[in-house]
Amino acid sequence: WLSIAERLVNIREKYGYTRKRLADELGKPYTTITKYETGEREPGHEYILQIAKKFGVSTDYILGLTDEIEDKKAPPSTGEKPINEEAAAIGAQLYKILIDAGWVKPGEDITEKQQQFLQSIISLISNEFH
């Protein structure tokens, strides 16, 4: 069973967002999103609805009422998938490697330059194996 905080992290990472990018796009303070994702602060209904609409996920998933993440009736409001599932999986694995190596702390965001570097690595890996 995942907490609301863990589910918010899962959603953000699934779509390849950093906390900073999400905060910027939603117009929320970075520290507020961090507190929601660490469980230090409970998100209100407005934030839960924003996340559900932005990523096309079920509010029931966010609240822990179901393990079905996608809301079949609501596509992401961006009109696009931020990154494909395969690239997201590779990115998540690379992020885990950075954490395991002690270069990044769990939940810590990386810089824009580091994100670009990881995207380059993802592209190289994808091109090599396809």
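See the structure above.
Residues numbered from 1 in each chain as written. Predicted model: local features only at pLDDT ≥ 70, side-chain atom pairs only at ≥ 80, totals over all residues. Heavy atoms only, no water.

Novice: Would you mind going over the overall build of the chain in detail, with residue names and values included?
Specialist: Looking only at helices and strands, the chain features seven helices and zero strands. When the helices and strands of the chain are read in sequence order from the N terminus, they spell out α-α-α-α-α-α-α. For the chain, the proportion of its 130 residues judged to be buried stands at 36%. If you take every contact in the chain between residues at least 6 apart in sequence, the share linking residues at least 24 apart comes to 51%. Summed over its atoms, the accessible surface of the chain is roughly 8,300 Å², and 55% of this surface lies on carbon and sulfur atoms. (Helix = DSSP H or I, 4+ residues; strand = E, 2+ residues; numbered from the N terminus. Buried < 20%, exposed > 50% of the residue type's maximum accessible area, 1.4 Å probe, protein only. Contact = heavy atoms within 4.5 Å. Areas by Shrake-Rupley, 256 points an atom, 1.4 Å probe, with all protein chains shown as cover.)

Novice: Explain the packing of helix α2 (residues 19-26) against helix α3 (residues 30-38) residue by residue, including any values.
Specialist: What describes two packed helices is the angle between their axes and the distance between those same axes. It is the contact of α2 with α3, at a shortest axis distance of 9 Å, that shows an interaxial angle of 120 degrees. Considered as vectors, α2 and α3 are oriented oblique to each other. In the crossing of α2 with α3, the sense of the turn from one axis to the other is right-handed. In contact with R19, K20, L22 and A23 of α2, α3 contributes Y30, I33, T34, E37 and T38. Within the contact of α2 with α3, the residues separate by chemical class into four nonpolar, two polar and three charged. (Axes fitted to C-alpha atoms, helices over the stretch in contact; angles between N-to-C directions. Parallel < 35°, antiparallel > 145°, perpendicular 65-115°, else oblique. Left-handed = near helix turned anticlockwise from the far one by under 90°. Nonpolar A, V, L, I, M, F, W, Y, C, P; charged D, E, K, R; others polar.)

Novice: Quick one: what's the story with the pattern of salt bridges, residue by residue and with numbers?
Specialist: Applying the stated criterion to the full structure yields six salt bridges. Notably, a salt bridge pairs E37 with R12, separated by 2.7 Å at the nearest N-O pair. Note that E37 is positioned in helix α3 and R12 in helix α1 (residues 4-14), a separation of 25 residues in sequence. In this structure, E37 and R12 share a single accessibility class: buried. Between R19 and E37 there is a salt bridge, with the nearest N and O atoms lying 2.7 Å from each other. (Salt bridge = Lys/Arg side-chain N within 4 Å of Asp/Glu carboxyl O.)

Novice: Quick rundown of the packing of aromatic side chains? Include the residues and the values.
Specialist: Applying the stated criterion across every chain, the model contains three aromatic pairs. Seen from their ring centres, Y15 and F55 are 5.1 Å apart, and the 20 degrees between their planes marks the pair as stacked. Here Y15 is found in the loop between α1 and α2, whereas its partner F55 is found in helix α4 (residues 45-55), with 40 residues between them in sequence. Neither residue differs from the other here; Y15 and F55 are each classed as buried. Between Y17 and F55, the aromatic rings sit 5.0 Å apart at their centres with planes inclined by 85 degrees, giving edge-to-face as the arrangement. Here Y17 is found in the loop between α1 and α2, whereas its partner F55 is found in helix α4, with 38 residues between them in sequence. Residue Y17 is classed as buried on the basis of its relative accessible area of 4%. Take F55: its relative accessible area is 2%, and that puts it in the buried class. Stacked on the ring of Y61, the Lys or Arg R7 has its end atom at 4.6 Å from the ring centre. Its end group placed over the ring of Y17, R21 keeps NZ or CZ at 3.7 Å from the ring centre. (Phe/Tyr/Trp six-rings, centres within 6.5 Å; stacked < 30°, edge-to-face > 60°. Lys NZ or Arg CZ within 6 Å of the ring centre and 35° of its normal.)

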